[in-house]
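Residues per chain are reported as follows:
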Amino acid sequence: VGNDFQIESTKRLLYYYSDVAAPLIVDRIENLQASDDFREDCVQNGLRSDNFVDAIAWSKNDKIKIALTKLAKNAKENNLIRSLQRAGVETPKQ
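Residues numbered from 1 in each chain as written. Predicted model: local features only at pLDDT ≥ 70, side-chain atom pairs only at ≥ 80, totals over all residues. Heavy atoms only, no water.

Peer 1: Explain the packing of aromatic side chains to me, please; I cannot follow it from the model alone.
Peer 2: Where two aromatic rings form a pair, the distance of their centres and the angle of their planes describe that pair. This model, assessed by the stated rule, comprises two aromatic pairs. Ring centres of Tyr 15 and Tyr 16 lie 4.9 Å apart, and the angle between their planes is 90°; this geometry places the pair in the edge-to-face category. Every member of this aromatic cluster is reached through a ring pair, and the members are Tyr 15, Tyr 16 and Trp 58. (Phe/Tyr/Trp six-rings, centres within 6.5 Å; stacked < 30°, edge-to-face > 60°.)

Encoded structure:
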C-alpha cells in the first residue's frame, strides 16, 4: 500500500510541479538501494524501485535522466534493470 501511495504522489508531483519536484525525485533516485536482493531493496527503499522508475520514466527532465543513468550503473536486480531499459536508460547488462 505504501508503495502505491508513493508512486502515485510522485507522478502527480512531477506532472503538476515539475520544477519543484525534480530535485526531490533526483534525491530519491540517488538514495535508492540497488542491490541484487529484491526484498531487501524494497524494505530499505520503502517502495519497489522498478515501479518508481516506471512512474517517472516519462519525464524529460535532464537531471532525472542523469540520476537514472547513474542508478543503472549500480543496478543488479533484474526488475530494476528492465524498468531502466523501458525508461530508455542504457544499462550495463543491455
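Peer 1: Even after reading the chapter, I still don't get the packing of helix α2 (residues 18–30) against helix α5 (residues 62–74), so can you show me in this structure?
Peer 2: To describe two helices that pack against each other, one gives the angle between their axes and the distance between the axes. In contact at an axis separation of 9 Å, α2 and α5 are set at 5° when each is read in the N-to-C sense. What the angle tells us is that α2 and α5 run roughly parallel. In contact with Ala 22, Ile 25, Val 26 and Ile 29 of α2, α5 contributes Lys 63, Ile 64, Ala 67, Leu 68 and Leu 71. Per-class residue counts for the contact of α2 with α5 are eight nonpolar, no polar and one charged. (Axes fitted to C-alpha atoms, helices over the stretch in contact; angles between N-to-C directions. Helix = DSSP H or I, 4+ residues; strand = E, 2+ residues; numbered from the N terminus. Parallel < 35°, antiparallel > 145°, perpendicular 65-115°, else oblique. Contact = heavy atoms within 4.5 Å. Nonpolar A, V, L, I, M, F, W, Y, C, P; charged D, E, K, R; others polar.)

Peer 1: Got a minute to help me understand the side chain of Thr 10 in this structure?
Peer 2: Take Thr 10: it is sitting in helix α1 (residues 2–16). Excluding residues within four positions of it along the chain, Thr 10 makes contact with Ile 25, Phe 52 and Ile 56.

Peer 1: What should I look at first to understand the pattern of salt bridges in this one?
Peer 2: Side-chain pairs of opposite charge can arise where the charged atoms are in close proximity. Taken as a whole, this structure holds four salt bridges when the rule is applied. Glu 8 is paired through a salt bridge with Lys 11; the nearest N and O atoms lie 3.1 Å apart. Here Glu 8 pairs with Lys 11, and both are found in helix α1, just three residues apart, close to one helical turn. The partly exposed category is assigned to Glu 8, whose relative accessible area is 34%. Put simply, Glu 8, Lys 11 and Arg 12 are held in one network by salt bridges that share partners. (Salt bridge = Lys/Arg side-chain N within 4 Å of Asp/Glu carboxyl O. Buried < 20%, exposed > 50% of the residue type's maximum accessible area, 1.4 Å probe, protein only.)

Peer 1: Could you clarify how one ought to interpret the environment of Gln 6 in this entry?
Peer 2: In this fold, Gln 6 is placed in helix α1. Judged by its relative accessible area of 28%, Gln 6 is partly exposed. C-alpha separation for the pair Gln 6 and Ala 57, spaced 51 residues apart in sequence, amounts to 15 Å. Excluding its chain neighbours within four sequence positions, the residues that come into contact with Gln 6 are Arg 28, Gly 46 and Leu 47. A distance of 3.0 Å separates the side chain of Gln 6 from the backbone oxygen of Gly 46, its partner in a polar contact. (Polar contact = N/O pair within 3.5 Å; in protein donor to acceptor, adjacent residues only side chain to side chain.)

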